[in-house]
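Structural description and commentary
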Amino acid sequence: MRFLPVSSNALLVELADLDQTLALLASLQRDPLHGVAELVPAARTILVHYRPWATSAGALVRAIAARDLSQRVERSHTLIEIPVRYDGEDLAEVAELLGITPDEVVRRHTGSEYTVAFTGFAPGFAYLSGGHPSLDVPRRRTPRTRIPAGAVGLAGTFSGVYPKASPGGWQIIGTTPVAMWDLGREPPALLQPGFRVRFVDMATLEDAADRAADTAADTAADTAAYMAAYMATARVDAPVPDAGTAAALRKEQGSAACAAALKVTGTGLQTVFQDLGRHGQAGQGVSASGALDQAALRMANRLVGNRSDSAALETVGGGLQLQSDGDTVLAVTGADAPLTVRTTDGRQWRVPTHQAVALADGDTLSIGQPFAGARCYVAARGGFAVAPVLGSCATDTLAGIGPAPLSVGDVLGVLPAPAGAVVGMPEQPATDLPTIEQDVVLDVVLGPRTDWFTPESVARLAAQRWQVTPQSNRVGLRLAGEAPLERAITGELPSEGTALGALQVPPSGQPILFLADHPLTGGYPVIGAVAPHHLDRAGQIPVGAWLRFNPIGPFEELQPSAG
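Parameters and conventions
- Residues numbered from 1 in each chain as written.
- Predicted model: local features only at pLDDT ≥ 70, side-chain atom pairs only at ≥ 80, totals over all residues.
- Heavy atoms only, no water.
- Helix = DSSP H or I, 4+ residues; strand = E, 2+ residues; numbered from the N terminus.
- Rg over C-alpha atoms; globule rule 2.2 N^0.38 Å.
- Buried < 20%, exposed > 50% of the residue type's maximum accessible area, 1.4 Å probe, protein only.
- Contact = heavy atoms within 4.5 Å.
- Areas by Shrake-Rupley, 256 points an atom, 1.4 Å probe, with all protein chains shown as cover.
- Lys, Arg positive; Asp, Glu negative; His and termini not counted.
- Charge placed at Lys NZ, Arg CZ, Asp CG, Glu CD.
- Pairing = 2+ DSSP bridges.
- Axes fitted to C-alpha atoms, helices over the stretch in contact; angles between N-to-C directions.
- Arc of directions from axis to C-beta.
- UniProt positions renumbered as here; feature names shortened; annotations may be inferred.
- Domains from an automatic or database assignment.
- Salt bridge = Lys/Arg side-chain N within 4 Å of Asp/Glu carboxyl O.
- Phe/Tyr/Trp six-rings, centres within 6.5 Å; stacked < 30°, edge-to-face > 60°.

1. Some words on the overall build of the chain
Helices and strands together make up the secondary structure of the chain, namely 9 helices and 33 strands. Relative to the compact-globule value of 24 Å for 563 residues, the chain shows a C-alpha radius of gyration of 26 Å, a close match. In terms of overall dimensions, the chain has a C-alpha envelope of 80 × 65 × 45 Å along the principal axes. Residues counted as buried form 54% of the 563 residues belonging to the chain. The long-range fraction of contacts in the chain, counting pairs at least 24 apart against all pairs at least 6 apart in sequence, stands at 74%. Taken as a whole, the chain presents about 24,000 Å² of accessible surface, with 53% of it coming from carbon and sulfur. A gap of 3 Å separates the mean positions of the 42 positive and 56 negative side-chain charges of the chain.

Listed below in structure tokens is the structure:
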């Protein structure tokens, strides 16, 4: 077992193989450790998020090192059968790599039972282990820019099904019509950790359907009905989730009439709903998302008398315009941006940020281009009438979960303020908001894969300036430096959990600073991570700004004997 630093609230446990990883995961789930917030398992690692006020890295390392990994993981009673049409564009190439025929690839893929080892990459994407030992193929040398939803692939010894259209480097051998991810299902991910999975060749199902049709009714509808019936019973050893429960994902709001509304007359570059995030969904392959500047979101809610975790609007740059339908009270925090109120008869005036602003019926609040910072947060007294998805109103732009980004013409309902809710006193904006004129310094914790880079590159991370490129978004800040970071270990890194603030380094050597909508797992080494106390600052960095990283200590493995 190796223990590697990730951040001041996370560590990575590296194990010898998948069996040890699953054994440790089962132990930690069976007998949880105090202070652990979430576990993100992968092929040979477990990312452990913890609450630093409740425990310490040293205490966790000692407790985890003492766990017995000899116990075999109990097999789940749940078996999922997935029908596959083996028409993948890489099937012939996989057969050639293995020195067998395409039909033999299909026979081996359908003749073995897989187990869901862990989830990640995208919501509902499961890494399936335990197939035929010969099905061990490398990822594609050049990943495809788009792989369709339902594509069945191989990578290393794993098999998997893409839940949505996305880029990817797996070898595609077929497709399935079964949805891996469906918010109308509880839980949304069809494949849960520990579930058993068997792939079934749809050609054999169609042959069986044809034979049944010969003795019943010689119509194409019978075949379609047979296949539909099979799809509806894909979960053969467990109850089929009720797809008609989509309404359960929508919070009942009908009885709570809106007190007022805000009409969107301008959206700026992008405006989305955010709260503090949907934590605890790693088992579904879903990261937390949430506001990039959480202190600003809390402050906006506090100023209008809301709960600090209520949903607010996060808008990047200027251009957001909201017209009040009825009387409303708003507060804008975060970036230092000019605010203007305009009445229906054309009068207008400037109003300050970081304090409550009352709008009369017909008034329009406009947010201009920030002087410092990048994102503003708009809270409405009483809260917005927006339905949570998986327990949160946050919009995850990578996973496509949560409310859609705002569009011109949208009408946002505002709920009545609860009795006793007190509007807060004006507050001071942050004094260190990033600008493009001055270098932005971010403290970083080195690890977990700092030793995959040359010593010169580790020094370069701190010595060199890095500019935020226009390709940046809520997933991450794509950085460009004069010289790239070079690796000392050039092999392929098995996918492993990634933390908010991670500095992942792709083959280009130019780092990506992961923000709130980052993928749960990744296959490129992470050289370090922005310290938690600077994550809000990272979320306010505008495109074009220059960064410097300040390592707050050397990279050192965590030892079980450490105090």
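Right, picking up where we left off after that structure.
2. A word on the sheet that holds strand E14 (residues 260-267)
Pairing within the open sheet is antiparallel, and its 6 strands lie in the order E20-E19-E22-E17-E14-E24. This sheet does not close on itself; its edge strands, each paired only once, are strand E20 (348-351) and strand E24 (411-414). Averaged over all pairs of adjacent strands, the angle between their axes in this sheet comes to 25°, without regard to strand direction. Alignment of E14 against E24, held across 4 bridges, turns out to be antiparallel. Its bridge partner being in E24, leucine 262 is matched across the sheet by leucine 412.

3. Notes on the environment of glycine 153
Here glycine 153 shows up in strand E9 (residues 151-155). As for glycine 153 and isoleucine 172, which are separated by 19 residues in sequence, their C-alpha atoms are 4.2 Å apart. Not counting chain neighbours up to four residues away, the residues in contact with glycine 153 comprise Phe158, Ser159, Gly160, Trp170, Gln171 and Ile172.

4. Here we look at helix H8 (residues 455-463)
What H8 keeps buried is the set Ser457, Val458 and Leu461. All buried residues of H8 lie within an arc of 105° about the axis, which places them on one face of the element. Residues of H8 that are exposed and point over 90 degrees away from its buried face: Pro455, Glu456 and Ala463. Buried residues belonging to H8 abut strand E25 (440-446), strand E26 (466-468), strand E29 (502-504), strand E32 (526-530) and strand E33 (546-551).

5. Considering the UniProt feature "domain: Carboxyltransferase" (unreviewed entry) in the chain
The UniProt feature table records "domain: Carboxyltransferase" (unreviewed entry) at residues 1-191 and 283-562. The annotated region residues 1-191 carries 20% helix and 32% strand content, and the separation between its end C-alpha atoms amounts to 28 Å.

6. Description of unusual backbone geometry
Omega for the peptide link from glutamate 186 to proline 187 comes to -5°, which places this bond in the cis form. Position of proline 187 among the secondary structure elements: in the loop between strand E12 (171-175) and strand E13 (196-201). Cis geometry is adopted by the peptide bond preceding proline 448, which originates at glycine 447 and carries an omega value of 0°. Within the secondary structure, proline 448 is located in the loop between E25 and H8. Despite not being glycine, serine 289 has its phi angle at roughly 55°, a positive value. As for its position among the elements, serine 289 is in the loop between strand E15 (270-274) and helix H7 (294-303). Unusually for a residue other than glycine, histidine 354 sits at a positive phi of about 60°. Assessed through its relative accessible area of 3%, histidine 354 is described here as buried.

7. As for the domain arrangement of the chain
The assigned domain composition of the chain is domain 1 (2-66), domain 2 (79-206), domain 3 (253-414) and domain 4 (439-551). Centre-to-centre, using C-alpha coordinates, domain 1 lies 36 Å away from domain 3.

8. Focus on the pattern of salt bridges
Using the criterion set out here, one finds 24 salt bridges in the structure. Put simply, glutamate 492 and arginine 139 hold a salt bridge, and the shortest N to O gap is 2.7 Å. Taken together, the positions of glutamate 492 in the loop between strand E27 (476-481) and strand E28 (496-497) and arginine 139 in the loop between strand E7 (126-129) and strand E8 (144-147) put the pair 353 residues apart, joining distant regions of the chain. When its relative accessible area of 55% is taken as the criterion, glutamate 492 is described as exposed. Here aspartate 517 and arginine 474 are joined by a salt bridge, their closest N and O atoms 2.9 Å apart. One end of the pair, aspartate 517, is in the loop between strand E30 (512-514) and strand E31 (521-522); the other, arginine 474, is in the loop between E26 and E27, and 43 residues separate them in sequence. Like arginine 474, aspartate 517 is buried. What emerges from the salt-bridge pattern is a single network uniting Arg2, Glu14, Arg449, Asp451, Glu496 and Glu557.

9. What about the packing of aromatic side chains?
This model, assessed by the stated rule, comprises 11 aromatic pairs. Arranged with centres 5.9 Å apart and planes meeting at 85°, the rings of phenylalanine 121 and tyrosine 162 form a pair that is edge-to-face. With phenylalanine 121 in the loop between strand E6 (113-119) and E7 and tyrosine 162 in the loop between strand E10 (158-161) and strand E11 (166-168), this pair connects stretches of sequence that are 41 residues apart. Judged by relative accessible area, which is 30%, phenylalanine 121 ranks as partly exposed. Consider the rings of phenylalanine 125 and tyrosine 162, whose centres lie 5.4 Å apart with planes at 75°: the pair is edge-to-face. Placement of phenylalanine 125 in the loop between E6 and E7 and of tyrosine 162 in the loop between E10 and E11 is noted, with a sequence separation of 37 residues between them. Each member of the pair, phenylalanine 125 as well as tyrosine 162, carries the same accessibility label: buried.

10. Regarding helix H4 (residues 102-110)
Because the α-helix completes a turn every 3.6 residues, residues three or four places apart line up on one side. Listed in full, the buried residues belonging to H4 are Glu104, Val105, Val106, Arg108 and His109. Looking at the buried positions of H4, the neighbouring elements they touch are helix H3 (91-98), E6, E9, E10, E12 and E13.

11. Remarks on the sheet that holds strand E23 (residues 372-380)
Taking strand neighbours across the sheet as the criterion, the 5 strands line up as E15-E16-E23-E18-E21 in an open arrangement whose pairing is antiparallel. Two strands close off the open sheet at either side, each with one partner strand: E15 and strand E21 (356-359). With direction set aside, neighbouring strand axes in the sheet form an average angle of 30°. Seen against the sheet, H7 touches E15, strand E16 (312-316), strand E18 (328-336), E21 and E23 and runs at an angle of roughly 155° to E18.

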